[in-house]
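Geometric and topological summary
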Amino acid sequence: MTPEIGELMSALPLDGDKEASASEALAEVVSKLSHRPVPVGSLRRLWSLGGTQAKIALAYLAYWIRSGYSARDARERARNEAHLSAAIHL
């Protein structure tokens, strides 16, 4: 049996404000994605895959550029944000 998205969302832990806002952001992303059409043709699938790769590459490029001018804590936070952005796009 495949779980429903609502069941998965309710299983997320809510320990504080950060987790609540992350859960709300995830719910927003899932609701946006549920209204998109499924790419059927080979060209549409290729376009979708290429766009995803480009978004992830740009997120890491932005991290790399910003990390050269920031402190260690800010670099770690930016790296975590790049990882999160890549995970969301995937």
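Just above, that's the structure.
Cut-offs used in this document
Residues numbered from 1 in each chain as written. Predicted model: local features only at pLDDT ≥ 70, side-chain atom pairs only at ≥ 80, totals over all residues. Heavy atoms only, no water. Helix = DSSP H or I, 4+ residues; strand = E, 2+ residues; numbered from the N terminus. Buried < 20%, exposed > 50% of the residue type's maximum accessible area, 1.4 Å probe, protein only. Axes fitted to C-alpha atoms, helices over the stretch in contact; angles between N-to-C directions. Parallel < 35°, antiparallel > 145°, perpendicular 65-115°, else oblique. Contact = heavy atoms within 4.5 Å. Patch = residues over 30% accessible without salt bridge, like charges linked within 9 Å, V, L, I, M, F, W, Y side chains within 5 Å. Areas by Shrake-Rupley, 256 points an atom, 1.4 Å probe, with all protein chains shown as cover. Salt bridge = Lys/Arg side-chain N within 4 Å of Asp/Glu carboxyl O.

1. Some words on the overall build of the chain
Along its length, the chain carries 4 helices and 0 strands. N-terminal to C-terminal, the α/β element order of the chain is α-α-α-α. Burial analysis of the chain (90 residues in total) assigns 10% to the buried set.

2. Brief notes about the packing of helix α3 (residues 42–67) against helix α4 (residues 72–89)
Across the interface, α3 lies against α4 with an axial gap of 9 Å and an inter-helix angle of 175 degrees. The orientation of α3 relative to α4 falls into the category roughly antiparallel. Across the interface between the two elements, Thr52, Lys55, Ile56, Ala59, Tyr60, Tyr63, Arg66 and Ser67 from α3 touch Arg75, Ala78, Arg79, Glu81, Ala82, His83, Ser85, Ala86 and His89 from α4.

3. Focus: a nonpolar patch on the surface
A cluster of nonpolar side chains, namely Leu58, Leu61, Trp64, Ile65 and Tyr69, defines an oily patch on the protein surface of about 660 Å² accessible area. Looking at where leucine 58 falls in the secondary structure, it is placed in helix α3.

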